Amino acid sequence: MSKLDKKINELFAGKVVRKDLTKLVKGNAVVPTYVLEYLLGQYCASDDENTISEGVERVKSILAEHYVHRDEAQYIMNLARNKGSHRIIDKISVRLNDRKDQNEADFANLGLKKIPISDSIVREHKKLLSDGIWCILVLSYFPTDERDSTPWRIESLKPIQISNVDTAEYKTYRKHFSTEEWMDFLLQTMGLNPDEFTRRSKLLQLTRLVPFVENNYNLIELGPKGTGKSHVFSELSPHGILISGGEVSKAKLFVNNSNGEIGLVGYWDVVAYDEFAGKSKRTDTGLVDIMKNYMANKSFSRGTQVYGASASMVFVGNTDNSVPYMLNHTNLFEALPKDYYDTAFLDRIHTYLPGWEVDKLRNEMFSDGYGFVVDYYLAEILKELRKEDWTNDYQTHFELSNSITTRDKTAIMKTYSGLCKILFPDKNATIEELTELLEFSIEGRRRVKLQLQKMDETFEEVDFTYKLTGS
């Protein structure tokens, strides 16, 4: 065990797992990493080999007995029928049946639809009303002769996520790690081997976490395939949702005018668009207009009402050409669908992550070291830090050029704030380390602005400079 892994286990005992265990237990279960690590965290959060070995077998047993594979749905239903009830792991979503005046649940893998669920469960776990969440629940079977009645009942339900974390403890323990150790620890938490990454490439990876720690943060990453662009947003947190860029409507994303039901931005911390690029993709121009307002003002109007939300927006996709070609002949946004190839929309982007700099993932780039159970760090700690406003902290040490517009300044401040929360939650950083983060934050916004200038000559050049204030 490495020196770093020993320190991790000493300070965060019970909150970390060995990252190669996920592959050992996953098998053919199509289930997010955070679900698997939730279970591993219950039984394998140790550095004792016997405990780990026994825990892995226990988790495998739980998955075998309770995780619902779609091709085994009939077997599970018969099992529940014969036993009277059965505990299962499945993704559940809820919709209101206004004709029956009751909430009803749909099971993603089991295939059951419109199963009554108590209002108290829905009130306690509101995300059930969006695109659904992974849960451990007890499904019961009661034979009935009543017409239009179902024999299925949900007895109890528990979302797969940790209920509470201690951010004070987390911030206190940060001081026991050097910045390099902390970066490596976070990379291992993401399942990556820090030995395979340079300091800059580590920073690029960690920037993918900023939307989880900052409200209303807008990030775009375009680059080649196979670099793990979408993995962070689909696998590592129950507070983010990944949707296909072409499969979203105004009603699904914001609010359904027919029933007043709030869309995804009302339930999730991060809404990420996968496969966002593609010039020929058809998009809803009305949706783009609503998104422009939301990304700038944190609000949207549908019908006669105005709504507010804090969800961050992430856009990930593949580029069609090399960077030199784009810089010489077009611009770095050339691959976007026509309706999103709009300077007003793109001006709302806070940072452009250069996906072409991110290495394609190879086997040796995955970690077998220790990292937080992702639900502990990537989900709950980032969610708690999201409640803190650090956007003006840069003023303690830096002063941005007066020529930088308010929108540019906001973008830089939010990226800087997010990276500081991730890397220095205890606010104990050197001026050199903070300068590195500020310059990186400026770079991400400058990349957006330079492309806008190429697309529209009315965008003026900006002096992205700063000076130390001496504080």
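Predicted, not measured: the structure shown is a model, and the values here were computed from it. (Residues numbered from 1 in each chain as written. Predicted model: local features only at pLDDT ≥ 70, side-chain atom pairs only at ≥ 80, totals over all residues. Heavy atoms only, no water.)

**Concerning the packing of aromatic side chains**
For step 1, the next point in the chain: Under the criterion given, the structure shown has 27 aromatic pairs.
For step 2, the next point in the chain: Seen from their ring centres, tyrosine 273 and phenylalanine 315 are 5.0 Å apart, and the 25° between their planes marks the pair as stacked. One end of the pair, tyrosine 273, is in strand E11 (residues 270–274); the other, phenylalanine 315, is in strand E14 (residues 312–318), and 42 residues separate them in sequence.
For step 3, the next point in the chain: According to the relative accessible area criterion, tyrosine 273 is buried, its value standing at 0%. (Phe/Tyr/Trp six-rings, centres within 6.5 Å; stacked < 30°, edge-to-face > 60°. Helix = DSSP H or I, 4+ residues; strand = E, 2+ residues; numbered from the N terminus. Buried < 20%, exposed > 50% of the residue type's maximum accessible area, 1.4 Å probe, protein only.)

**Observations regarding the layout of surface pockets**
For step 1, the next point in the chain: In this model, the largest pocket occupies a volume close to 600 Å³.
For step 2, the next point in the chain: Along the wall of the largest pocket there are 29 residues; nearest its centre are Val30, Pro32, Lys91, Trp134 and Ser234.
For step 3, the next point in the chain: For the lining of the largest pocket, the elements supplying multiple residues, two or more each, are strand E5 (133–141), helix H11 (231–235) and strand E8 (240–244).
For step 4, the next point in the chain: A per-element tally of the lining of the largest pocket places E8 first, with five residues.
For step 5, the next point in the chain: Of the residues belonging to the lining of the largest pocket, the class tally is 15 nonpolar, eight polar and six charged. (1 Å grid on protein atoms, 1.4 Å probe; cavity = no way out; pocket = protein on both sides within 12 Å on 5 of 7 lines; lining within 4 Å. Points joined across faces, edges and corners; volume = space filled by probe spheres on them. Nonpolar A, V, L, I, M, F, W, Y, C, P; charged D, E, K, R; others polar.)

**Topic: the environment of lysine 83**
For step 1, the next point in the chain: Residue placement: lysine 83 occurs in helix H5 (residues 73–83).
For step 2, the next point in the chain: When its relative accessible area of 52% is taken as the criterion, lysine 83 is described as exposed.

**Quick look at empty space enclosed by the protein**
For step 1, the next point in the chain: Under the defined criterion, the tally for this structure stands at one cavity of 30 Å³ or more.
For step 2, the next point in the chain: Lining the largest cavity are Thr179, Met183, Arg199, Leu203, Leu423, Phe424, Glu433, Glu436 and Leu437.
For step 3, the next point in the chain: Those elements that provide at least two residues to the lining of the largest cavity are helix H8 (179–189), helix H9 (199–207) and helix H18 (431–455).
For step 4, the next point in the chain: For the lining of the largest cavity, the leading source of residues is H18, giving three residues.
For step 5, the next point in the chain: When its residues are assigned to classes, the lining of the largest cavity shows five nonpolar, one polar and three charged.

**Points about unusual backbone geometry**
For step 1, the next point in the chain: Positive phi, normally seen in glycine, also occurs at aspartate 101, with a value near 55°.
For step 2, the next point in the chain: Of note, aspartate 101 is situated in the loop between strand E2 (85–97) and strand E3 (102–107).
For step 3, the next point in the chain: Of note, the phi angle at lysine 298 is positive, near 65°, even though the residue is not glycine.
For step 4, the next point in the chain: Summarising the element assignment, lysine 298 is placed in the loop between helix H13 (285–297) and strand E12 (299–302).

**Some words on helix H1 (residues 3–11)**
For step 1, the next point in the chain: Among all positions of H1, only Leu4, Asp5, Lys7, Ile8, Asn9 and Leu11 are buried.
For step 2, the next point in the chain: Residues of H1 that are buried sit in contact with strand E1 (16–18), helix H7 (167–174), H8 and strand E16 (370–372). (Contact = heavy atoms within 4.5 Å.)

**Re the packing of H8 against H9**
For step 1, the next point in the chain: One can describe the packing of H8 onto H9 by two numbers: an axis separation of 10 Å at closest approach and a directional angle of 50°. Taken together, the axis directions place H8 and H9 in an arrangement best described as oblique. Judged by the twist between their axes, the crossing of H8 over H9 is left-handed. Between H8, through Thr179, Glu180, Met183, Asp184, Leu186 and Leu187, and H9, the contact on the second element is made entirely by Arg199, Lys202, Leu203, Gln205 and Leu206.
For step 2, the next point in the chain: Taken together, the residues that form the contact of H8 with H9 break down as five nonpolar, two polar and four charged. (Axes fitted to C-alpha atoms, helices over the stretch in contact; angles between N-to-C directions. Parallel < 35°, antiparallel > 145°, perpendicular 65-115°, else oblique. Left-handed = near helix turned anticlockwise from the far one by under 90°.)

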